[in-house]
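Read off the chains here:
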Amino acid sequence: QVQLVESGGGLVQAGGSLRLSCAASGFAFSNYPMGWFRQAPGKEREFVAAITRNSGYTYYAPSVKDRFTISRDNAKNTVYLQMNSLKPEDTAVYYCAVGFNAQAMGVPGFKPYIGSWGQGTQVTVSS
């Protein structure tokens, strides 16, 4: 079955960096765009970044553009999120998801095209 396992979260000071990984299995990873989302306490889950299946295009939420970089390794069935210049408002549980159209993953109310949400990885940024 489809499995998405996020890792790499942790506690970091403001201005620091983290690299998240999402290991995928159970489907043809290289055929689908992938995205990262996050959910802070008391808030709705929101789009962070998405990448097309061949890494040709990437899309970012305005709040993370120029600080975060999404990438993927189709040989390893893994998508990454490099997060630099972290801010306290980046604190959230981060999730990866499978999409049908990378650009459309930023539309509010997005639901995973295949499978469901993983367990997520907690990112906490202290001030």
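Going by the structure above, here's the rest.
Residues numbered from 1 in each chain as written. Predicted model: local features only at pLDDT ≥ 70, side-chain atom pairs only at ≥ 80, totals over all residues. Heavy atoms only, no water.

Asker: Is there a simple way to think about the sheet that holds strand β8 (residues 78-83) in this case?
Answerer: Here we have 4 strands laid out as an open sheet, ordered β1-β3-β8-β7, and antiparallel in their pairing. Each having just a single partner strand, β1 (3-7) and β7 (68-73) make up the two edges of the open sheet. The sheet shows a mean angle of 15° between the axes of neighbouring strands, taken without regard to direction. Summarising the sheet, β7 and β8 pair through 6 bridges and their orientation is antiparallel. Paired with S71 across the bridge in β8 is Y80. (Pairing = 2+ DSSP bridges. Helix = DSSP H or I, 4+ residues; strand = E, 2+ residues; numbered from the N terminus. Axes fitted to C-alpha atoms, helices over the stretch in contact; angles between N-to-C directions.)

Asker: Please explain the packing of aromatic side chains as it appears in this structure.
Answerer: The geometry of an aromatic ring pair is captured by two quantities: the separation of the ring centres and the angle between the planes. Under the definition given, this model contains 9 aromatic pairs. Ring geometry for F37 against F110: centres 5.0 Å apart, planes inclined by 10°, an arrangement best described as stacked. With F37 in strand β4 (residues 34-39) and F110 in the loop between β9 (92-98) and β10 (121-126), the pair connects residues that are 73 residues apart, well separated along the chain. Classification of F110 as buried rests on a relative accessible area of 18%. What links up through ring pairs into an aromatic cluster is the set F27, F29, Y32, F100 and Y113. One residue, R19, lies across the ring of Y80, its end atom 4.0 Å from the ring centre. Geometry around W117 places R45 over its ring, the cationic atom sitting 3.9 Å from the centre. (Phe/Tyr/Trp six-rings, centres within 6.5 Å; stacked < 30°, edge-to-face > 60°. Buried < 20%, exposed > 50% of the residue type's maximum accessible area, 1.4 Å probe, protein only. Lys NZ or Arg CZ within 6 Å of the ring centre and 35° of its normal.)

Asker: Any chance you could explain unusual backbone geometry here in plain terms?
Answerer: Most peptide bonds take the trans form, and the phi angle of most residues other than glycine is negative. Phi at S55 takes a positive value of approximately 65°, unusual for a residue other than glycine. Among the secondary structure elements, S55 is positioned in the loop between β5 (46-51) and β6 (58-60). Although it is not a glycine, D66 adopts a positive phi angle of roughly 75°. The residue D66 is located in the loop between β6 and β7 in this model. Classification of D66 as exposed rests on a relative accessible area of 77%.

Asker: Mind showing me how you'd approach the pairing of β7 here?
Answerer: In the case of a regular strand, side chains alternate between the two sheet surfaces. What you see with β7 is a clean split: F68, I70 and R72 sit on the buried side and T69, S71 and D73 on the side with no burial. Where β7 folds back on β8, the antiparallel hairpin that results is connected by 4 residues, among which N77 adopts a positive phi of roughly 50°.

Asker: Got a minute to help me understand the nonpolar core in this structure?
Answerer: One recurring pattern in soluble globular proteins: nonpolar side chains tend to sit buried together. Core analysis: the biggest nonpolar cluster contains 35 residues, and W36, V79, L81, M83 and Y94 have the highest contact counts within it. Counting only elements with at least two residues in this core, the list comes to β3 (18-25), β4, β5, β7, β8, β9 and β10. Every residue in contact with V79, bar those within four places of it in the chain, is listed here: L20, S21, C22, F29, M34, W36, I51, I70, S71, R72 and C96. (Core = buried A, V, L, I, M, F, W, Y, C linked by side-chain atoms within 4.5 Å. Contact = heavy atoms within 4.5 Å.)

None of this, on its own, says anything about what the molecule does.
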